[in-house]
Amino acid sequence: SEYGGETLHGPAYGPTSHSTAASTPSSSSAFRHVVPSRQIVERQPRMLDFRVEYRDRNVDVVLEDSSAVGDIKHILENELQIPASKMLLKGWKTGDVDDSTVLKSLHLPKNNSLYVLTPDLPPPSSSHSGALQESLNQNFMLIVTHREVQREYNLNFSGSSTIQEVKRNVYDLTSIPVRHQLWEGWPPSATDDSMTLAVSGLTFPCHRLTVGRRSSPVQTREQSEEQCTDVHMVSDSDGDDFEDATEFGVDDGEMFGVASSALRKSPMMPENAENEGDALLQFTAEFSSRYGDCHPVYFIGSLEAAFQEAFYGKARDRKLLAIYLHHDESVLTNVFCSQMLCAESIVSYLSQNFITWAWDMTKEANRARFLTMCTRHFGSVVAQTIRTQKTDQFPLFLIIMGKRSSNEVLNVIQGNTTVDELMMRLMAAMEIFSAQQQEDIKDEDEREARENVKREQDEAYRISLEADRAKREAQEREMAEQFRLEQIRKEQEEEREAIRLSLEQSLPPEPKEESTESVSKLRIRTPSGEFFERRFLASSKLQVVFDFVASKGYPWEEYKLLGTFPRRDVTQLDPNKSLLEVKLYPQETLFLEAKE
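Computed from a prediction, not measured in an experiment: that's the story for all the values here.

**Here's the deal with the overall build of the protein chain**
Here is step 1 of the chain: A count of helices and strands for the protein chain gives 13 helices and 18 strands.
Here is step 2 of the chain: Within the span of the protein chain, comprising 596 residues, buried residues form 44% of the whole.

See the structure below:
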């Protein structure tokens, strides 16, 4: 299969299994502040986010909790252009702290808000501050002519870039060390290489410059004074690191090929790094120190965790995975990183649409480790494609799309590209990904719709079962209550019947009609209209009449016995008096009436 910037996808990359390692969260900001690599000491560092407010600006700072408060000020010093000694960093929950305080000792939450006070600095003029900020945000086109070869370079730089950064980039393009660059065209006000382009006096939006190589590193005072009338000489700050290669017996081509790795103090990634997260932390810190803070947000974690973050969320949240393979010994690395990978358009597009993971292929041990990971996740064909890449073909940019059963490599982009071509490759990959994503979203929506219908059906069935159970329980409770009431009623009836029988048995015998004693004949009418009669001795107590009526089922607690002429309530009379005394002799008609 072809490579070198061409699309690699299809059957050549067979299905491979995925690891289920837990994903490590990545920042959503396109600009990430990181700590120097010397601070990476913990196996699994805890990252803290700080939103720092200064006047009308907000700066986002991300540090691991093993850093000190002074490290925050160091980052703010670069961002705000304010000396750290002039800053008062406020907003700590535990009160004021000093620069040596370790963040871990403050027990801070994940997200924090701070603010900067500068009482020793005068407030800026609003109009001047606004104009300066506008200049810093402008892009300058520098047309640089290489005098010896008569070749022009069109370079884009933001207003916040420094003159020193321009000279270093020109060194990458022309192989002329910074110390031996002779410039024409810099404005007279551009006297310091640490000065930003916005305040250097360059013509906006386009400015022409000419650069050449000094014929000898040693000049007479007369020559130097003569050249100073139209040549801007470099400062002795960062340019001192780049000595003339010929002075050490190394030709220009060899110096250009190895300068980016031989002259830097720290490698991009430690050799034989045991923890990929720690290795990526150092990579991000070193990348920022070399190329500035405007760079892609590199995912901090293992490659498996990057897969989880990019491929295994909801379909709408999935992204492409971009793997940046760095190589310090490639002549293309500096230009690719500074001019293309750190271009604001590329950084913004990667941040919105990609999870970006990086690895350093400079050291053989790290190279072998990545090839092993590549074989496991993408197959031997992709691993062989990367293995056969020559050093000068690096850096490489792999675009990976996750599918249901495999990871597909959509594109392998080599370092010899341009910003426009890189953007076109990224957009082409996004078109393929978007089409697949729409299918995945449709399938996911249909699956969720089916699951929702099933959940609704299950819920309706559950509610129906609950209603049936509630109805059945209500019926059971009603039946139990009816049974209980019926039992009470039966018990009451049995009790009343027992009382009735007892009263009936306790009644004195009914006197005969031919009895020689005085007899009273009572006729009693029930509420239903029935009558019953009985003879009582006139000397019998009224209670005997009450017992007789109760024995017929009309207890005197529930019924009252009324006389006719005169109408009176017999139950209100003294039950111990005789029938003769209450004038129920010789005969009387009474009727029963239920009490209210």
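**Overview of a nonpolar patch on the surface**
Here is step 1 of the chain: The grouping of L88, Y115 and L117 at the surface amounts to a nonpolar patch, some 250 Å² of accessible area in total.
Here is step 2 of the chain: Here L117 shows up in strand β4 (residues 111-117).

**Topic: the sheet that holds strand β11 (residues 354-360)**
Here is step 1 of the chain: In spatial order, the strands read β11-β10-β12-β13; together these four strands make up an open sheet with mixed pairing. Both edges of this open sheet fall to β11 and β13 (407-414), since each of them pairs with a single strand only. The sheet shows a mean angle of 20° between the axes of neighbouring strands, taken without regard to direction.
Here is step 2 of the chain: Alignment of strand β10 (residues 320-326) against strand β12 (residues 396-402), held across five bridges, turns out to be antiparallel. Bridging across to β12, L321 finds its partner in I400.
Here is step 3 of the chain: Sheet strands touched by helix α6 (residues 276-291): β10 and β11. Its angle to β11, the strand with the most contacts, is close to 90°.
Here is step 4 of the chain: Its contacts with the sheet place helix α8 (residues 333-341) against β10, β12 and β13, and it is angled at close to 145° to β10.

**Describing the pairing of strand β16 (residues 559-563)**
Every regular strand shows the same layout, with side chains that alternate between the two sheet faces.
Here is step 1 of the chain: Summarising burial for β16: four of the five residues are buried, a large majority.
Here is step 2 of the chain: By the bridge criterion, five bridges tie β16 to strand β18 (residues 587-594) in an arrangement that is antiparallel. For L562, the partnering residue across the bridge sits in β18 and is F591.
Here is step 3 of the chain: Alignment of β16 against strand β17 (residues 568-569), held across two bridges, turns out to be antiparallel. Within β17, the position partnered with G563 by the bridge is R568.
Here is step 4 of the chain: Hairpin connection, β16 to β17: the antiparallel pair is bridged by four residues.

**Observations concerning the packing of aromatic side chains**
Here is step 1 of the chain: Taken as a whole and assessed by the stated rule, the structure comprises 21 aromatic pairs.
Here is step 2 of the chain: On the numbers, 6.4 Å between centres and 85° between planes, the contact of F287 with Y324 is edge-to-face. Separated by 37 residues along the polypeptide, F287 in helix α6 and Y324 in strand β10 bring together distant segments of the chain. Y324 shares its class with F287; the two are buried.
Here is step 3 of the chain: With a centroid separation of 6.5 Å and an interplanar angle of 25°, the aromatic rings of Y298 and Y324 are classed as stacked. Highlighted residues: Y298 in the loop between α6 and α7 (303-311) and Y324 in strand β10, separated in sequence by 26 residues.
Here is step 4 of the chain: The exposure class assigned to Y298 is buried, which follows from its relative accessible area of 0%.

Definitions and limits used
- Residues numbered from 1 in each chain as written.
- Predicted model: local features only at pLDDT ≥ 70, side-chain atom pairs only at ≥ 80, totals over all residues.
- Heavy atoms only, no water.
- Helix = DSSP H or I, 4+ residues; strand = E, 2+ residues; numbered from the N terminus.
- Buried < 20%, exposed > 50% of the residue type's maximum accessible area, 1.4 Å probe, protein only.
- Patch = residues over 30% accessible without salt bridge, like charges linked within 9 Å, V, L, I, M, F, W, Y side chains within 5 Å.
- Areas by Shrake-Rupley, 256 points an atom, 1.4 Å probe, with all protein chains shown as cover.
- Salt bridge = Lys/Arg side-chain N within 4 Å of Asp/Glu carboxyl O.
- Pairing = 2+ DSSP bridges.
- Axes fitted to C-alpha atoms, helices over the stretch in contact; angles between N-to-C directions.
- Contact = heavy atoms within 4.5 Å.
- Phe/Tyr/Trp six-rings, centres within 6.5 Å; stacked < 30°, edge-to-face > 60°.

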